[in-house]
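Inside the fold
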Amino acid sequence: MRSGERWAVPAGVALLCLLLALGGDPVRDALAYQREAVAAGQWWRLLGANFLHLGWYHLLLNLLGLWTLLLLCPEPLPARTWLLRLLVLGLAVTLGIHVLAPQWRSYVGFSGILHGLFLLGLLPQALRRDGIALAALACLAAKLAWEAFSGTPISDEQALGGRVAQEAHWFGIIAALCYAAIAGLLRQRRPAAA
């Protein structure tokens with residue numbers, strides 16, 4: 001895999017998020033997860049919502065997270081693996097919200113997918129006893145535990161422009177664990193990255 005290919009899908013995701021943000025409220029209204037709209041058959045919102053943001057600060061945080069992911073997880077992935085992970089994690093996050101978190105009437109954000117991508121990227125390195133990956137996974141676990149017990153600081157929600165859907169982070173992690181278990185089984189049958 002050429003070095004530029006490693007960045008192609010993440011750069012495409014960043015560009016997509018940026019273009020959707022530039023579309024403003026009309027784009028957000030058309031693609032955001034809205035419980036009633038999904039129940040009425042607007043299924044595209046289950047995926048589209050993951051690439052929208054509450055505002056520019058929210059977008060910046062998620063893009064910095066994506067950049068950090070690439071630095072911490074240097075293993076190159078084929079584009080189809082990236083796209084499969086984005087699809088699986090994105091649908092898992094919003095379906096999780098739809099089925100298991102009825103208090104959320106609307107949702108936007110990439111952080112649920114991002115949490116899952118971090119787990120999928122760091123796990124192979126951690127299994128090889130890479131100290132940085134182990135430390136990063138410990139930080140991820142500590143962050144999730146902090147959110148679960150203390151909630152999100154009000155200052156974070158004010159900066160983002162809305163409430164943080166902590167459930168999305170958990171749905172991303174759970175989906176990543178399921179994906180990793182299945183991909184591990186698939187690797188035994190064929191050597192391609194999953």
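Residues numbered from 1 in each chain as written. Predicted model: local features only at pLDDT ≥ 70, side-chain atom pairs only at ≥ 80, totals over all residues. Heavy atoms only, no water.

Before going further, it helps to examine the overall build of the protein chain. Counting its regular elements, the protein chain contains ten helices and two strands. Along the protein chain, from the amino end to the carboxyl end, the secondary structure elements read α-α-β-α-α-α-α-β-α-α-α-α. Counting over 194 residues, the protein chain shows a buried share of 42%. Nonlocal contacts in the protein chain, meaning residues at least 24 apart in sequence, comprise 77% of its contacts between residues at least 6 apart. Surface summary for the protein chain: the accessible area is close to 10,200 Å², and the carbon and sulfur share equals 69%. (Helix = DSSP H or I, 4+ residues; strand = E, 2+ residues; numbered from the N terminus. Buried < 20%, exposed > 50% of the residue type's maximum accessible area, 1.4 Å probe, protein only. Contact = heavy atoms within 4.5 Å. Areas by Shrake-Rupley, 256 points an atom, 1.4 Å probe, with all protein chains shown as cover.)

Most of the time, phi is negative for any residue but glycine, and the peptide bond is trans. A positive phi angle, close to 65°, is found at Arg129, a residue other than glycine. For Arg129, the position within the fold is in the loop between α7 (111-127) and α8 (131-150). The class of Arg129 is exposed, set by a relative accessible area of 72%.

Attention now moves to the nonpolar core. Counting 36 residues, the largest nonpolar core has Val13, Phe110 and Leu117 as the members making the most contacts within it. Every element with two or more residues in this core is listed here: α1 (3-22), α5 (56-72), α6 (79-100), α7, α8 and α10 (166-189). Take this core: its biggest share by element is eight residues, from α7. Once you skip the residues sitting within four places of it in the chain, Val13 turns out to touch Phe51, Leu66, Leu86 and Phe110. Val38, Ala49, Tyr107 and Ala165 belong to the second largest nonpolar core, which has twelve residues in total. (Core = buried A, V, L, I, M, F, W, Y, C linked by side-chain atoms within 4.5 Å.)

Together, Leu15, Leu18, Leu19, Leu22 and Trp56 make up a nonpolar patch on the protein surface, roughly 520 Å² of accessible area in all. Among the elements that take part in the nonpolar patch, α1 stands out by supplying four residues, more than any other. By secondary structure assignment, the location of Leu15 is in helix α1. Leu15 sits in the partly exposed class, given a relative accessible area of 48%. (Patch = residues over 30% accessible without salt bridge, like charges linked within 9 Å, V, L, I, M, F, W, Y side chains within 5 Å. Salt bridge = Lys/Arg side-chain N within 4 Å of Asp/Glu carboxyl O.)

Another point: the packing of aromatic side chains. Summed over all chains, the structure comprises two aromatic pairs. Summarising the aromatic geometry, the rings of Phe51 and Phe110 are spaced 5.8 Å apart at their centres and angled 40° between planes, so their arrangement reads as tilted. Residue Phe51 is found in the loop between α4 (45-48) and α5, and its partner Phe110 is found in the loop between β2 (106-107) and α7; the two are separated by 59 residues along the sequence. With a relative accessible area of 9%, Phe51 lands in the buried category. Residue Phe110 is classed as buried on the basis of its relative accessible area of 2%. (Phe/Tyr/Trp six-rings, centres within 6.5 Å; stacked < 30°, edge-to-face > 60°.)

The next thing to look at is α6. For α6, spanning 22 residues, the distance from its first C-alpha to its last is 31 Å, which sits close to the expected 32 Å at 1.5 Å a residue. Looking at α6, one finds that the buried residues are Thr81, Trp82, Arg85, Leu86, Leu89, Gly90, Val93, Thr94, Gly96 and Ile97. Each buried residue of α6 lies within a common arc of 165° when the element is viewed along its axis, so the set occupies one face. Exposed side chains of α6 directed beyond 90 degrees from the buried face belong to Arg80 and Val99. (Expected span 1.5 Å × (residues − 1). Arc of directions from axis to C-beta.)

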